[in-house]
Amino acid sequence: AFMSASTTPVVKKGYDVEEIRAQFPILKELVHGKPLVYFDNAATSQKPRRVIKAESAYYATINANVHRGVHTLSTKATEAQEAARETIRKHINAEHAHEVIFTSGTTASLNLAAFSLGQLLLKKGDEVLISGMEHHANIVPWQMACERHGAKLKVIPITDSGEWDLKQVPFSEKTRILAISHVSNTLGTINPIKELIAEAKKRSIITVVDGAQAIAHLDIDVQDLGCDLYAFSGHKAYGPTGTGVLYGREELLERMPPWQGGGEMIDVVTFEKTTYAKLPFKFEAGTPHIAGIIGLGEAFRWMEDYGKSAMAAHEHTLLEHATKELLAIDGLRIIGTAKEKVGVISFVIDGVHHYDLGTLLDQQGIAVRTGHHCTQPLMERFGVSGTTRASFACFNTVDEVEVMVAATRKAVKMLR
Ligand code: PLP
C-alpha cells in the first residue's frame, strides 16, 4: 500500500534479510498497531536472540563475580568474560587481549582516555585537536581535560558536504592529542582517519578514535589504522547496553595512569601507597558488566557469521534508495552528502519541524531520531536546530524505506 512510483532496487543475492529479521524478536512488536519500522540504529541497534540468550544464560547458569574466587562458577564466569575479550581482540585485530579494556560504553572509554592522557601529556599551552562533527562525548571530556591542564581545544572545520576540510587541519607544534570520529553519527560520513592518523604520527601526536558509529558497519583493524586508542559501544553493534571497549596500544596503556580506583585494579594497597594491577585490569576498577560483556562477545561472533561487509553493502542499498526517494520530496534537504557514508541519513524539510515529523512517523510505527543528535556545534555549522535522522541496520528492508518515505510525504502534507 505504501509503494511509491519509483523503481525499487534489487537487493544483492545471497543476503537473506528475512532470515536475519527472524532472529530479532523485537521486530514482531507492533507500535500504535503498526509493524515496527526501526530506523534508530545509530542510537542503539536491536539485539538478535543469540545475544539475549547468552546474557540470560550467564545469569541462569554461571552467575558469579570474575577474577575473585577459586570456586567453579567464578572460574566459569571469568572464562566466559575472557573469551569475549579474545573475540573482540581478534575482531579488531589488536595484538594482545590485554589491550582490550571493558568499559560501560564509548562515553566511558573517551572519558577514561581524556582523563588519563590529560594527566600523562597535557601542559599549559598544549593543544588537543578534534573535528567539527564530533559527538558531545568526544568534545566535553577533552574540554574538561583542557581546563584541568590549561590546554586549548582546536577544531578541524567541516565542508558543506559534511567532510573534514583537510586543507585546514590546525595541526601545530603544540598539538599533543588528536581525537576524531571514524564515522559521524549525524552525517553518516566515513572519515579518512588512516590518512589523518599518519599525519599525526609524523608529528608524534597521540591519536584517539571514536568508533561508536563505525563498529557495526566497517571492518576495523586497529593495527592497520595505526591509532593509539579506539573506543566503541557494544549496544550500537547488536550487543547489550552498558558495554563498551577502549582498545589501547600496549606501550601507551602501560604509561597511562588509571582513571578510576577501586577493587580489581590494584596490585598491593597500603594506606601509604597503592600499586596497580597489570593490563587490562589497571583500567577496570570494580565489578564489570559480566553478563553484558558475555553478550557483547556473542554479538561480535554473530556479526562475523554474516560478515560486516555484506551487512554494510545491504545497508548501502537502503541508503541509496532512501536518499533518492527522500530528495524527491519538495523542500527536503539532506545534511551530510559525503561520498563515503554508512547507512545514516539526516534531513530537514522547509516548513516542517523535525519534532513534529518524528511524532507523526511514530504514529505510523516508524522510529527515527529527531533533534541535534548530541552534535550541537555541527548543527550550528549547518545553521539548523536539528534534523530527522534515519539510520539503518542489517535487518532493515527496502519495503521499510518505502513505508518511511510514504509516511513522510503524508506528514509533510499535514504539517505544511
Ligand atoms: N560517539 C558517537 C559518534 C556516538 O554516536 C555516540 C552515541 O550516540 C557516542 C559517542 C556515545 O556513545 P554511548 O552513549 O554508547 O556512550
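Definitions and limits used
Residues numbered from 1 in each chain as written. Predicted model: local features only at pLDDT ≥ 70, side-chain atom pairs only at ≥ 80, totals over all residues. Heavy atoms only, no water. Salt bridge = Lys/Arg side-chain N within 4 Å of Asp/Glu carboxyl O. Helix = DSSP H or I, 4+ residues; strand = E, 2+ residues; numbered from the N terminus. Buried < 20%, exposed > 50% of the residue type's maximum accessible area, 1.4 Å probe, protein only. Near = heavy atom within 4 Å. Polar contact = N/O pair within 3.5 Å; in protein donor to acceptor, adjacent residues only side chain to side chain. Areas by Shrake-Rupley, 256 points an atom, 1.4 Å probe, with all protein chains shown as cover. Nonpolar A, V, L, I, M, F, W, Y, C, P; charged D, E, K, R; others polar. Pairing = 2+ DSSP bridges. Axes fitted to C-alpha atoms, helices over the stretch in contact; angles between N-to-C directions. Contact = heavy atoms within 4.5 Å.

Turning our attention to the pattern of salt bridges. Across all of its chains, the model carries 17 salt bridges by this definition. Glu400 serves as the salt-bridge partner of Arg21, at 3.3 Å between the closest nitrogen and oxygen. Taken together, the residues span a long stretch of sequence, with Arg21 in helix α1 (residues 17-21) and Glu400 in helix α13 (residues 398-415) at a distance of 379 residues. On the accessibility criterion, Glu400 (6% relative accessible area) is buried. Among the charged side chains, a salt-bridge network with shared partners connects Arg50, Glu298, Arg301 and Asp305.

In the neighbourhood of the ligand, the contacting residues comprise Thr106, Thr107, His135, Ala137, Asn185, Asp210, Ala212, Gln213, Ser233, His235 and Lys236. One nitrogen or oxygen atom from the main chain of Thr106 is found 3.4 Å from an oxygen atom belonging to the ligand. One of the side-chain N or O atoms of Asp210 is found 2.5 Å from a nitrogen atom in the ligand. In the complex, the protein chains occlude 86% of the 390 Å² of accessible area that the ligand would expose alone. Across the shell around the ligand, the residue classes tally to two nonpolar, seven polar and two charged.

In space, the four strands of this open sheet follow the order β13-β14-β17-β16, with antiparallel pairing throughout. Each edge of the open sheet is held by one strand with a lone partner, namely β13 (332-335) and β16 (369-371). Taking the axes of each pair of neighbouring strands and ignoring which way they run, one obtains an average angle of 30° across the sheet. Here β16 runs beside strand β17 (residues 387-391); their pairing, made up of three bridges, is antiparallel. Within β17, the residue paired with Gly371 across the bridge is Thr387. Running over the sheet, helix α11 (residues 354-363) touches β14 (344-349), β16 and β17 and is turned about 160° from β16.

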